[in-house]
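Observations on chain architecture
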Amino acid sequence: MITTDICIINKLGLHARATAKLVALASGFRSSIKLTKGSKTVDAKNMMGVLMLGAGKGTTLGLMIDGDDAEQAHQAIVDLFNRRFDEGE
């Protein structure tokens with residue numbers, strides 16, 4: 001299991017378009033991928049769950065990945081966050 005903190009650095013946070021990109025990416029992996037904000041933990045493959053976190057710019061989320069492709073999933077998700085979800089800012 002990989003557990004790490006990840007900070008949202010894009011200007012609009014996890015809005016619908018960014019969340020859709022995250023969910024599509026996460027859904028391509030067999031591993032269980034969870035995001036945590038405070039006491040809420042959601043499945044990163046569930047659009048409504050991720051949106052319900054209400055995670056704006058500067059929010060730090062817990063990222064937990066468990067499965068046989070966890071390392072690849074972790075790298076891809078961290079890369080997506082670091083690229084600011086490919087949004088021009």
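Parameters and conventions
Residues numbered from 1 in each chain as written. Predicted model: local features only at pLDDT ≥ 70, side-chain atom pairs only at ≥ 80, totals over all residues. Heavy atoms only, no water. UniProt positions renumbered as here; feature names shortened; annotations may be inferred. Pairing = 2+ DSSP bridges. Helix = DSSP H or I, 4+ residues; strand = E, 2+ residues; numbered from the N terminus. Axes fitted to C-alpha atoms, helices over the stretch in contact; angles between N-to-C directions. Parallel < 35°, antiparallel > 145°, perpendicular 65-115°, else oblique. Left-handed = near helix turned anticlockwise from the far one by under 90°. Contact = heavy atoms within 4.5 Å. Buried < 20%, exposed > 50% of the residue type's maximum accessible area, 1.4 Å probe, protein only.

As named in an unreviewed UniProt entry, the protein is Phosphocarrier protein NPr/phosphocarrier protein, taken from Agitococcus lubricus. Within the UniProt record for the protein, the comment given under Subcellular location (unreviewed entry) is "Cytoplasm". Its UniProt record gives the protein a comment under Sequence similarities (unreviewed entry), which states: "Belongs to the HPr family."

Considerations on the pairing of strand E3 (residues 40-43)
Every other side chain in a regular strand lies on the same face of the sheet, so the side chains alternate between the two faces. Sheet analysis places strand E2 (residues 32-37) next to E3, joined by four bridges and oriented antiparallel. For Thr36, the partnering residue across the bridge sits in E3 and is Thr41. Counting the residues that bridge the hairpin from E2 to E3 gives two residues, and of these Gly38 lies at a positive phi of roughly 65 degrees.

As for the packing of helix H1 (residues 16-27) against helix H3 (residues 70-82)
Two numbers describe how H1 lies on H3: the axes approach to 10 Å, and their chain directions differ by 165 degrees. Between H1 and H3, the angle is such that the two are roughly antiparallel. Of the two possible hands of crossing, H1 and H3 adopt the one that is right-handed. On H3, the residues touching Lys21, Leu22 and Leu25 of H1 are Ala76, Ile77, Leu80 and Phe81.

What to know about the environment of Ala73
Residue position: Ala73 is located in helix H3. By relative accessible area, Ala73 is classed as buried at 0%. Residues Ala73 and Gly58, 15 residues apart in the sequence, show an inter-C-alpha distance of 22 Å. If near-sequence neighbours (up to four positions away) are discounted, Ala73 is found in contact with Phe29, Ile33 and Ile65.

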